[in-house]
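Understanding the architecture of this molecule
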Amino acid sequence: MRRILPVTVHLQGPGAMITIYRSHLSPLWTAVLFTLYFFVFLTSEVFLQDCLLALDRPGDLHTFFLGQLACLTAGYLSLALCRRASYGLLRSLAVAAILLPALLFSALALTGSPSSLPAWAAACSYCLGGAGAFLHYSAALCLRHSAVSGRLAGGSIGLAVGIQFLTDTCLDSGQTAMLLALVSLVLAMLLARAPAPAPAAADEAPSSPPSRRTLALATAGTAILSIVVGLNEDIVTRLYATGELDVTSWPRLCYLAGLLLAGFLADIRKRAFMPVITLCVLMLSNMAIFFLNDPRHYQLNLSILYFYSGFYVVYFTVLFLDLAPGTRWPLLWAGMGRLCRSLCVGAFFLCPNGLFGLLGQGCSVVLNSLLLAGVCAIFFWSGQLRDHGSARSAPPVRQDQAIGLFAQKHALTRRETDVLRAVLASSEPLGNIAICLGISERVMQRHLTSIYAKCRVSGRLELVTAFFGQTSP
């Protein structure tokens, strides 16, 4: 196990020191939380559907899954709209949200499936949506432009899928419910003890926040990819309801393979190949459609669906984890990929007979091809398929050196330089930054007032503009 190496920073008078842990150890903590959360999220989704089928209500499965997606979206938005809340309050809300599913699964393990199962499932999905919003937000702060974001996302979700497969294979419904309750409780305890994210290193701060155009294109591309995946996922859910297909069988391991491979490829050369590889793999969705006319090929269709879904999930997870810290609303944008997936996939379930049933195989292939062409165009317009070479030709400016020159030019003290570095590296409210630095908000404001006066600026925005204006090539 790697040792945690502390960094000592002088902030409050002679001899006063605080210890800030290096940010490169944060991914390990994030990976543990992500694995536990996605195990509960993925396993509970299938487990609750199995409980409904056990009540001999297969005709309601379609509406049941749509309700799960709707409640998941509502839970996510409920927490994401707490824009002004502190990190500590958001963490407390997430812990409370995880504790409720623990109680629900404990009750299911002891009493069996009640007739009011849809209401139980709605409450569980709502709480998991809120907890997921916080975990994505926390990961975005801790993994700010990290070189391991892809491997962490793919590995964590992949490990959760692997444990889920073993759970479905080895445990009965009562044991699964008890395991879900136990893991939910452990996740709540770890989440309550999770440290607040320390300020990112100065050389990790983005040179400029993502533009509205960048965010719009990222959202549009993810939405269209979700429609591509949703076309097949809708069919699989209908086949599962009729007992023609088992979504927990061995093809589930193809999802694990897709997640791990996509996570590894996403980290190569700073995401340079992630969009094009994701697009190429998603072209398999056209091939999967051809296996829907013969029940003998349903398992093959499911295997292909799981494999390209792994690339799709890693793509939108890493994309918005990278974009979120530079936005003015990181809590909302960190999990925007999950939100797009729930909304777009859920839209397919509003059609009673399914889009594939209405269009047929030929028209579905044409529609799928047009959607993929649209994604390709969006990737190109947003620069994800071009300009990687020119971006790598110019070495990035070391902002720690730039901060030193900026502080020397304006005669900033060492404490003021530490405050400047933290402000430049985070878009959080000043109170949250002060907590990360271990000082009071009043002391933070006193340092900033001195910095503003020396730099001849009137506020935080002008300070950031002045710094990046000086360091731009």
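Report follows, based on the coordinates. (Residues numbered from 1 in each chain as written. Predicted model: local features only at pLDDT ≥ 70, side-chain atom pairs only at ≥ 80, totals over all residues. Heavy atoms only, no water.)

1. Observations concerning the overall build of the chain
In terms of regular secondary structure, the chain is built from 20 helices and two strands. In the chain, of all internal contacts separated by at least 6 residues, the share reaching a separation of at least 24 is 81%. Approximately 21000 Å² of the chain is accessible, and the part contributed by carbon and sulfur atoms is 65%. (Helix = DSSP H or I, 4+ residues; strand = E, 2+ residues; numbered from the N terminus. Contact = heavy atoms within 4.5 Å. Areas by Shrake-Rupley, 256 points an atom, 1.4 Å probe, with all protein chains shown as cover.)

2. Section: the pattern of salt bridges
Enumeration according to the criterion identifies six salt bridges in this entry. Linking D267 and R151 is a salt bridge whose minimum nitrogen-to-oxygen distance equals 2.8 Å. Separated by 116 residues along the polypeptide, D267 in the loop between α8 (252–266) and α9 (274–282) and R151 in helix α5 (residues 149–170) bring together distant segments of the chain. Between R421 and D418 there is a salt bridge, with its nearest N and O atoms 3.4 Å apart. A residue pair is termed a helical-turn pair when its members lie 3 or 4 positions apart in one helix, as R421 and D418 do in helix α17 (residues 414–425) at three residues. Residue D418 is classed as buried on the basis of its relative accessible area of 14%. One connected set of salt bridges, linked through shared partners, spans R151, D267, R271 and D322. (Salt bridge = Lys/Arg side-chain N within 4 Å of Asp/Glu carboxyl O. Buried < 20%, exposed > 50% of the residue type's maximum accessible area, 1.4 Å probe, protein only.)

3. Brief notes about a nonpolar patch on the surface
A cluster of nonpolar residues, L99, L185 and M189, forms a patch on the protein surface that exposes about 260 Å² of accessible area. With respect to the element layout, L185 can be found in helix α6 (residues 173–193). Judged by its relative accessible area of 39%, L185 falls in the partly exposed class. (Patch = residues over 30% accessible without salt bridge, like charges linked within 9 Å, V, L, I, M, F, W, Y side chains within 5 Å.)

4. Thoughts on the side chain of H447
As for its placement among the helices and strands, H447 is situated in helix α19 (residues 441–455). For H447, the contacting residues outside a window of four places in its chain are R415, E416 and V419.

5. Some points on empty space enclosed by the protein
Tallied over the full model, the rule gives six cavities of 30 Å³ or more. Roughly 380 Å³ of internal volume is contained in the largest cavity. E45, E233, R252, Y306 and R341 are, among the 23 residues lining the largest cavity, the residues nearest its centre. At the level of secondary structure, the elements contributing two or more residues to the lining of the largest cavity comprise α1 (26–54), α7 (212–241), α8, α11 (298–323) and α13 (336–348). (1 Å grid on protein atoms, 1.4 Å probe; cavity = no way out; pocket = protein on both sides within 12 Å on 5 of 7 lines; lining within 4 Å. Points joined across faces, edges and corners; volume = space filled by probe spheres on them.)

6. Re the nonpolar core
Formed by 113 residues in total, the largest nonpolar core has its most connected members in Y37, F47, L48, F105, F134, Y137 and Y308. In terms of residue count, α11 provides more of this core than any other element does, 17 residues in total. Beyond its immediate chain neighbours, meaning those up to four positions away, F47 contacts F105, L108, S173, T176, A177 and L180. Among the nonpolar cores identified, the runner-up in size contains 25 residues, and V419, L420, I439 and M444 belong to it. (Core = buried A, V, L, I, M, F, W, Y, C linked by side-chain atoms within 4.5 Å.)

7. Quick word on the side chain of T278
Tracing the sequence through the fold places T278 in helix α9. Filtering out sequence-adjacent residues up to four positions away, T278 remains in contact with F311, Y312 and Y315.

8. Looking at the packing of helix α18 (residues 430–437) against α19
As a packed pair, α18 and α19 sit with axes 9 Å apart at the nearest point and diverge in direction by 105°. One finds that α18 runs roughly perpendicular with respect to α19. Facing L430, G431, I433, A434 and L437 of α18, the residues of α19 in contact are E441, M444, Q445 and L448. Residues belonging to the contact of α18 with α19 are distributed by class as follows: six nonpolar, two polar and one charged. (Axes fitted to C-alpha atoms, helices over the stretch in contact; angles between N-to-C directions. Parallel < 35°, antiparallel > 145°, perpendicular 65-115°, else oblique. Nonpolar A, V, L, I, M, F, W, Y, C, P; charged D, E, K, R; others polar.)

9. Quick word on the layout of surface pockets
Of the voids in this model, the second largest pocket is the one considered here, and its volume is about 1100 Å³. Along its surface, the second largest pocket is lined by 35 residues, and P209, G326, T327, R328 and S427 are the ones closest to its centre. Among the residues making up the lining of the second largest pocket, the classes are represented as 19 nonpolar, nine polar and seven charged.

10. Overview of helix α4 (residues 117–142)
Look at α4: 37 Å from first C-alpha to last across 26 residues, which is about the 38 Å you get at 1.5 Å a residue. Most of α4 is tucked away: 20 of the 26 residues are buried. (Expected span 1.5 Å × (residues − 1).)

11. A look at unusual backbone geometry
For A411, which is not glycine, the phi torsion reads 55° and is therefore positive. For A411, a relative accessible area of 52% puts it in the exposed group. The phi dihedral of R456 falls on the positive side, at around 60°, and the residue is not glycine. Its place among the elements puts R456 in the loop between α19 and α20 (460–471).

12. Focus: the packing of aromatic side chains
Enumeration according to the criterion identifies eleven aromatic pairs in this entry. Measuring from ring centre to ring centre gives 6.2 Å for F38 and F41, while their planes differ by 85°; the resulting arrangement is edge-to-face. Highlighted residues: F38 and F41, both in helix α1, separated by three residues, approximately one helical turn. Judged by centre distance (6.3 Å) and plane angle (20°), the rings of F320 and W333 are stacked. In this pair, F320 is assigned in helix α11 and W333 in helix α12 (residues 330–333), connecting sequence segments 13 residues apart. Linked through ring pairs, F34, Y37, F38 and F41 together constitute an aromatic cluster. (Phe/Tyr/Trp six-rings, centres within 6.5 Å; stacked < 30°, edge-to-face > 60°.)

13. Let's talk about the state of the cysteines
Note on terminology: a disulfide is the covalent bond linking the sulfur atoms of two cysteines. Counted by the stated rule, this structure contains zero disulfides. We note that C280 lacks a disulfide partner, and the nearest cysteine sulfur, in C376, lies 8.7 Å from it. The partly exposed category is assigned to C376, whose relative accessible area is 33%. (Disulfide = S-S within 2.5 Å.)

14. Considering the environment of L179
Of note, L179 is situated in helix α6. When the C-alpha positions of L179 and F105 are compared, they lie 8.5 Å apart, and in sequence the two are 74 residues distant. In contact with L179, not counting residues within four places along its chain, are F39, T167 and L171.

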